[in-house]
Amino acid sequence: MNSYLFHEHTREQLKRKAEAGSLVVVALAATEQHGPHLPVYTDSLITEAVAVRAAERASRTVPVLLCPLLTIGCSDHHLRFGGTLSFSSATYLHMLRDIGESLVADGFRKIAFLNGHGGNEPIMHQTASDLAVKHPVWTASASYWSLSREELRKENAEEVGMVPGHAGGFETSAVLALREELVDSGRLTAEHEQRAWINSGPPGAFIGRHGELTGADGYTDAPARATKERGERYVEAIVRSATAWLINVYETMESGEREARNRL
């Protein structure tokens with residue numbers, strides 16, 4: 001079977017794919033409040049669309065398997081607003097490690113995590129590092145906004161607000177493109193109290209304030225400039241970037257394996 005979806009294969013088929021050196025992708029998302037206008041499944045909608053499309057495209061070039069989407073993440077900072085399901089950071093770390101350990105036990109030696117929720121990011125990177133320290137495997141990890149920063153800049157994504165932000169114009173545009181009927185269009189305000197310190201540091205840096213890690217009232221910026229057409233462009237830019245990353249990850253791991261064998 002040639003499917004790129006992990007869960008469509010039998011155990012024997014997956015054993016053969018592991019032996020052949022397939023790259024396994026674990027996509028991480030969340031179920032959490034996204035203001036008064038977006039569904040709590042927003043991160044999962046976006047991440048699933050990106051992961052499925054990118055894995056399908058990458059699989060035309062390199063052997064890729066996409067695991068079922070993890071729809072609950074580390075979202076404790078959203079619990080005070082309601083509408084949120086969350087693992088604590090400690091639990092989420094253990095869970096990701098267990099998934100990685102399962103894939104190692106299954107025989108896979110190339111594992112990549114693709115993330116679509118900010119609260120998951122540091123835990124994902126730690127998991128990828130821990131697995132590579134403990135086992136003779138290759139790992140990689142990235143969030144879609146990091147991979148697509150340049151492509152989104154070319155699409156002028158900041159025209160709608162903070163990128164990626166939280167439940168602002170950017171994510172609202174993406175949900176309009178993916179599931180327009182889930183957006184409460186009557187709540188798309190043109191103004192929203194913003195916090196200048198959010199995303200004020202360099203990429204990879206962190207700054208936060210108790211109760212406002214994702215902005216006033218749980219979201220970062222006004223969503224009124226969001227449109228379906230813009231969302232389609234943004235999602236496509238992310239998919240292009242994620243596809244290129246998956247292909248590069250596999251080819252880099254393969255090249256590294258050849259170099260290691262040549263040193264023996």
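The notes below deal with the structure included here. (Residues numbered from 1 in each chain as written. Predicted model: local features only at pLDDT ≥ 70, side-chain atom pairs only at ≥ 80, totals over all residues. Heavy atoms only, no water.)

Looking now at the overall build of the chain. When helices and strands are counted, the chain shows 8 helices and 4 strands. Secondary structure elements of the chain, listed N to C terminal, follow the sequence α-β-α-β-α-β-α-β-α-α-α-α. Against the 2.2 N^0.38 benchmark of 18 Å for 264 residues, the chain shows a C-alpha radius of gyration of 19 Å, consistent with a compact globule. Counting only C-alpha atoms, the chain reaches 60 × 35 × 35 Å along its principal axes. Taken across its 264 residues, the chain has 50% of its residues classed as buried. (Helix = DSSP H or I, 4+ residues; strand = E, 2+ residues; numbered from the N terminus. Rg over C-alpha atoms; globule rule 2.2 N^0.38 Å. Buried < 20%, exposed > 50% of the residue type's maximum accessible area, 1.4 Å probe, protein only.)

Further remarks concern helix α3 (residues 89-105). Taking 1.5 Å of rise per residue, the 17 residues of α3 would be expected to cover 24 Å, and the 24 Å separating its terminal C-alpha atoms lies within 8% of that figure. For α3, the full list of buried residues reads Tyr 92, Leu 93, Leu 96, Gly 100, Leu 103 and Val 104. The arc that holds every buried residue of α3, seen down its axis, measures 120°, which confines them to one face. Looking at the packing, one finds that the buried side of α3 touches β1 (23-28), β3 (110-115) and α4 (121-134). Note on α3: the residue one or two positions beyond its end, Gly 107, has a positive phi of about 105°. (Expected span 1.5 Å × (residues − 1). Arc of directions from axis to C-beta. Contact = heavy atoms within 4.5 Å.)

Counting residues in hydrophobic clusters, the biggest one holds 39 residues, and the most contacted among them are Leu 23, Phe 170 and Trp 245. Mapped by element, the contributors of at least two residues to this core are β1, α2 (42-58), β2 (64-66), β3, β4 (138-143), α5 (144-147), α7 (169-179) and α8 (228-263). When residues in this core are grouped by element, the largest group, 12 residues, is from α8. The residues touching Leu 23, leaving out its near neighbours within four places in the chain, are Pro 63, Val 64, Leu 65, Lys 110, Ile 111, Ala 112, Leu 246, Val 249, Tyr 250 and Met 253. Phe 6, Val 24, Cys 74 and Ile 123 belong to the second-largest nonpolar core, a separate cluster that totals 23 residues. (Core = buried A, V, L, I, M, F, W, Y, C linked by side-chain atoms within 4.5 Å.)

For β1, the buried fraction is high: 6 of the 6 residues fall into the buried class. Here β1 shows a buried face lined by Leu 23, Val 25 and Ala 27 and a second buried face lined by Val 24, Val 26 and Leu 28. Looking at chain direction, β1 and β2 are connected through 3 bridges and run parallel. Bridging from a neighbouring strand, Leu 23 pairs with Val 64 of β2. Bridge count between β1 and β3: 5 bridges; the pairing is parallel. Bridge pairing in β3 places Val 24 opposite Ile 111. (Pairing = 2+ DSSP bridges.)

All right, on to the packing of α2 against α7 then. The N-to-C vectors of α2 and α7 enclose an angle of 65°; their axes lie 10 Å apart at closest approach. Taken together, the axes of α2 and α7 lie roughly perpendicular to each other. α2 and α7 meet at a crossing whose hand is left-handed. Between α2 and α7, the contacting residues are Thr 42, Asp 43, Leu 45, Ile 46, Ala 49 and Arg 53 on the first element and Glu 171, Ala 174, Val 175, Leu 178 and Arg 179 on the second. Across the contact of α2 with α7, the residue classes tally to 6 nonpolar, 1 polar and 4 charged. (Axes fitted to C-alpha atoms, helices over the stretch in contact; angles between N-to-C directions. Parallel < 35°, antiparallel > 145°, perpendicular 65-115°, else oblique. Left-handed = near helix turned anticlockwise from the far one by under 90°. Nonpolar A, V, L, I, M, F, W, Y, C, P; charged D, E, K, R; others polar.)

The geometry of α3 relative to α4 is characterised by a closest axis approach of 9 Å and an angle of 40° between their N-to-C directions. Taken as axis vectors, α3 and α4 run oblique relative to one another. For the pair α3 and α4, the crossing hand works out as right-handed. Residue-level inspection shows Ser 89, Tyr 92, Leu 93, Leu 96, Arg 97, Gly 100 and Glu 101 of α3 in contact with α4, the latter providing Ile 123, Met 124, Gln 126, Thr 127, Asp 130, Leu 131 and Lys 134. Looking at the contact of α3 with α4, its residues break down into 6 nonpolar, 4 polar and 4 charged.

Looking now at unusual backbone geometry. Of note, the amide linkage connecting Val 163 to Pro 164 takes the cis form, showing an omega dihedral of 0°. Tracing the sequence through the fold places Pro 164 in the loop between α6 (149-154) and α7. Even without glycine at this site, Asn 156 takes up a positive phi of about 55°. Positionally, Asn 156 belongs in the loop between α6 and α7. In this model, Ala 167 sits at a positive phi of 60°, which is unusual for a non-glycine residue. Mapped onto the elements, Ala 167 comes out in the loop between α6 and α7.

The next thing to look at is the environment of Arg 80. Mapped onto the elements of the fold, Arg 80 is located in the loop between β2 and α3. The exposed category is assigned to Arg 80, whose relative accessible area is 58%.

From the geometry alone we can't say anything about function, so treat these as descriptive.
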